[in-house]
Structure formats: structure tokens, C-alpha cells
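Close look at the chain arrangement
Residue-level listing of the chains:
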Amino acid sequence: MPELAAVLAWIDAWPIADVIRRSVWVYPALETIHIAAFATVFGALMLLELRVFGAAPAVPLSPLARLAVPVALIAFALAALAGCLMLISNATELVSNLAFQIKLGLIAAAGANALWFHQRDSIARHDVVAKAQSLLSVTLWLGVIACGRLIAYI
Amino acid sequence: MKFRYLLQFVGAALLIAPAVAHHGWSSFDQDRPLYLGGIVSQVKWQNPHAEMTLRVDVAKLPEQFTSRALPGQQQSVDAAGILKKVQVPSSAEGAWEVELAPLSRMQAWGLSQPLKVGDRVEVIGYRLADNNKRVVRVEYLFVGDKAYAFRSAPVN
């Protein structure tokens, strides 16, 4: 895929990519933002999904979702932004990393699952499909976390 | 035009692209410390870790190598044991990729300026377990009469 290699090399040559690579502390700062933001995503979704499974029945599901979903979305945007900045600083290398490729695929799958969840109004229905979607969501996001860590190990 | 490329990039990122680059520390063979000596031919002074290409031109261990003084560092490392085991890999001569440490660690050792192309350096490092690749991660780096140990921070 020669075009891809050219695009990646082009991105690697962006001045901002160079700033991120060459600064002593920018990269660890981005890692910190990435992980704090993603911890927020995962924590918010975890609470929502535990509630969907039946934990804490005294907590009304719908208002909980009104808090958890926007928090997860905003935190995801922040995690993605920090992630993209790290990506462009090492585009060629990261895109060729199998763990990174699987991670992107899992994020896409988790996103599609979340869309489906809200499209069919799973919160209001609160049925067995909603529970299955919640289980799938936790599993996919755990996979995303594992693949994110594995980028540095394969 | 560039936008179309970006779309391709995102699309292709989901596919299996050929693996070219880096590996976790555990993929290096830590039981066989290797000695490489030569001239720096390329340097990438960057995070998450610095790298260089070393054009190796030394085919056997220098005299008195095993009695070299190694610097103290935070983590206790069996430096004498490593020195005792170190050997020059077969067909050492030629280009090797050498993986160093994050920039903050390089700085902690006083290496805030990049090594330069043309510098003569020596390393003790571990080869990638996949022996087809001439890639080592550094345990010790020698530049002139200075020695650096990147496993951990220096002892002050």
C-alpha cells in the first residue's frame, strides 16, 4: 500500500508531530490525559452497565444515563484527541502495530454497539437485549484497554 | 486530495499492515548480552524512546572490556554478571538498530543533547528474540570515556 506509507510519512513530517516527539514531557503528558480521560469513559460506562444489569435498583436508570452518557462522550473525545496527537507523532510505526489495529477495530465495534443501544432505546426497554449490549460493551472496552497496553509489548 | 489520503489512512489503519517496527522490552533476549561497537549513522532523538542506527565495525571484544567500570543506577543490576557473559554476535559488522530510553531518562543521565551522526559509541544490549532482525535494546552505552546505564535513573 504505497499511498498509505506516503501519507504516514507525510504525517510524521508535520511540525507538530516533531514537537510531540522531541519534547521531553509532552508525550508523557499526552499519555496522562489519554489514560485519565479513558478511565472516566470506562468508569461512567461501568456504572451505567452495572445498573442495566440490575445493581442498585433504587437508582433510576434514565437520569443515571443522562449523566453517564455525556460524561463518557466528552471524556472519549478528550482521550481520542490525546490519542491522535500521540498517533501523529509516530504514525508509520503505530499504524503497522497489530495491537493498535485491533484496538481501532474494537473501538469501532464498541461505537457501533453504543449506537445500536441508543437507537433501539435500550435504556427505556431495559430488556435482555439491553443487558447483552451492556455485556458486549464492557467486553469490547476491556479489549480496547488490553490492546492499548499491548501496543508497547508486541 | 490530502483529505482523501487521510480517509484512506483511517481505512487502512483497520487493516493488517506489515509489521515493521517496535517491540516490548520482553521480546529481547536478556540472557545473551551483546557487544556492538561502531559509528552512529542515524539518530532519532524522540519519545517514547530515542533510537539510533549503529554501523558496527568491531568484530571482537576490546581488550580489558570485562573489567570496565559501569555506572551506579537506581535499580540493582548484576553488572559484573552481564560483563562476564557479553559477547560479540556473529557477523556483527554492518548496520544495527539500537533502541535507547525515553528522553526524560536520557536527560537524567546528562544526555540532553542528541548523539551525533559520526559519533563513535559502544553498547551492551539485548537482541530482539527474532534473530533475523538486527535490533538491540541498550543496557549500557559507552561514549568516549563515559558510560551510561539506561535500565534506571542514575544514582546521585
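Residues numbered from 1 in each chain as written. Chains lettered and ligands numbered in written order. Predicted model: local features only at pLDDT ≥ 70, side-chain atom pairs only at ≥ 80, totals over all residues. Heavy atoms only, no water.

Counting 43 residues, the largest nonpolar core has Met 52, Leu 100, Tyr 140, Leu 141 and Phe 150 of chain B as the members making the most contacts within it. Those elements that provide at least two residues to this core are strand E1 (28–44), strand E2 (51–56), helix H2 (79–85), strand E3 (94–99), helix H3 (103–108), strand E4 (120–128), strand E5 (135–143) and strand E6 (146–149) of chain B. The element best represented in this core is E5 of chain B, accounting for 6 residues. Those residues in contact with Tyr 140 of chain B that lie beyond four places of it in its chain are Leu 70, Pro 71, Gln 73, Val 77, Ala 79, Ile 82, Glu 122, Val 123, Ile 124, Tyr 148 and Ala 149 of chain B. Formed by 25 residues, the second largest nonpolar core is a distinct cluster that contains Phe 42, Leu 45, Leu 140 and Cys 147 of chain A. (Core = buried A, V, L, I, M, F, W, Y, C linked by side-chain atoms within 4.5 Å. Buried < 20%, exposed > 50% of the residue type's maximum accessible area, 1.4 Å probe, protein only. Helix = DSSP H or I, 4+ residues; strand = E, 2+ residues; numbered from the N terminus. Contact = heavy atoms within 4.5 Å.)

Here the focus is the packing of aromatic side chains. For any pair of aromatic rings, the description rests on two quantities: the centre-to-centre distance and the angle between the ring planes. Applying the stated criterion to the full structure yields 7 aromatic pairs over all chains. Aromatic side chains Tyr 35 of chain B and Phe 65 of chain B sit 4.9 Å apart centroid to centroid with 75 degrees between the ring planes, which places their arrangement in the edge-to-face category. Highlighted residues: Tyr 35 of chain B in strand E1 and Phe 65 of chain B in the loop between E2 and H2, separated in sequence by 30 residues. Here the two residues Tyr 35 of chain B and Phe 65 of chain B agree in accessibility, since each one is buried. Ring geometry for Tyr 148 of chain B against Phe 150 of chain B: centres 6.2 Å apart, planes inclined by 10 degrees, an arrangement best described as stacked. By relative accessible area, which is 5% here, Phe 150 of chain B ends up buried. Each member of the aromatic cluster is reached from another via a ring pair, and the members are Phe 38, Phe 42, Phe 76 and Trp 141 of chain A. When the ring centre of Phe 142 of chain B is taken as reference, the NZ or CZ atom of Arg 68 of chain B above it lies at 4.9 Å. (Phe/Tyr/Trp six-rings, centres within 6.5 Å; stacked < 30°, edge-to-face > 60°. Lys NZ or Arg CZ within 6 Å of the ring centre and 35° of its normal.)

Moving on, we get to the environment of Val 138 of chain B. All names here are of chain B. As for its placement among the helices and strands, Val 138 is situated in strand E5. For Val 138, a relative accessible area of 6% gives the class buried. Sequence separation between Val 138 and Gln 30 is 108 residues, and the spatial gap between their C-alpha atoms is 11 Å. For Val 138, the residues in contact, after removing those within four places along its chain, are Val 98, Glu 99, Leu 100, Val 123, Ile 124, Gly 125 and Phe 150.

Side chains of Leu 98, Ile 102, Leu 150, Tyr 153 and Ile 154 of chain A sit close together on the surface and give an oily, nonpolar patch of about 420 Å² of accessible area. In this structure Leu 98 of chain A comes out as partly exposed when scored by relative accessible area, which is 40%. (Patch = residues over 30% accessible without salt bridge, like charges linked within 9 Å, V, L, I, M, F, W, Y side chains within 5 Å. Areas by Shrake-Rupley, 256 points an atom, 1.4 Å probe, with all protein chains shown as cover. Salt bridge = Lys/Arg side-chain N within 4 Å of Asp/Glu carboxyl O.)

Attention shifts here to the packing of helix H2 (residues 15–22) of chain A against helix H4 (residues 61–89) of chain A. The packing of two helices is summarised by the inter-axis angle and the distance between the axes. Residue and element names in this part refer to chain A. Taken N-terminus to C-terminus, the directions of H2 and H4 make an angle of 95 degrees; their axes are 8 Å apart at the nearest point. As summarised for this structure, H2 and H4 are arranged roughly perpendicular, according to the angle between their axes. Where H2 approaches H4, its residues Ile 16, Ala 17, Ile 20 and Arg 21 are matched on the opposing element by Leu 85, Ile 88 and Ser 89. Each residue belonging to the contact of H2 with H4 can be placed in one class, and the counts come to 5 nonpolar, 1 polar and 1 charged. (Axes fitted to C-alpha atoms, helices over the stretch in contact; angles between N-to-C directions. Parallel < 35°, antiparallel > 145°, perpendicular 65-115°, else oblique. Nonpolar A, V, L, I, M, F, W, Y, C, P; charged D, E, K, R; others polar.)

Predicted confidence across chain B gives a mean pLDDT of 86, with 84% of residues reaching 70 or more. Confidence scores differ between elements of chain B, with helix H1 (residues 2–13) of chain B showing the lowest mean pLDDT of 52 and E2 of chain B the highest of 97. (pLDDT = per-residue confidence, 0-100.)

Attention now goes to unusual backbone geometry. The peptide bond linking Asn 47 of chain B to Pro 48 of chain B adopts the cis configuration, its omega dihedral lying at 0 degrees. We note that Ala 56 of chain A has phi near 45 degrees; this positive angle belongs to a residue other than glycine. As for its placement among the helices and strands, Ala 56 of chain A is situated in the loop between helix H3 (26–53) and H4. Judged by its relative accessible area of 44%, Ala 56 of chain A falls in the partly exposed class. At His 126 of chain A, a residue that is not glycine, the phi angle is positive and equals roughly 45 degrees. Within the fold, His 126 of chain A resides in the loop between helix H7 (122–125) and helix H8 (128–150). Exposure remark for His 126 of chain A: the relative accessible area of 29% places this residue in the partly exposed category.

Tallying each qualifying case throughout the model produces 7 salt bridges over all chains. Between Arg 32 of chain B and Asp 29 of chain B there is a salt bridge; the shortest N-O distance is 3.6 Å. Classification of Arg 32 of chain B by relative accessible area gives partly exposed; the value is 39%. Given a relative accessible area of 23%, Asp 29 of chain B falls into the partly exposed group. Sharing partners across several salt bridges, the network here consists of Asp 18, Arg 21 and Arg 22 of chain A.

Attention shifts here to the state of the cysteines. With the rule as written, the count across this model stands at 0 disulfides over all chains. Considering cysteine sulfurs only, Cys 84 of chain A is the nearest to Cys 147 of chain A, which forms no disulfide, with 17 Å between them. (Disulfide = S-S within 2.5 Å.)

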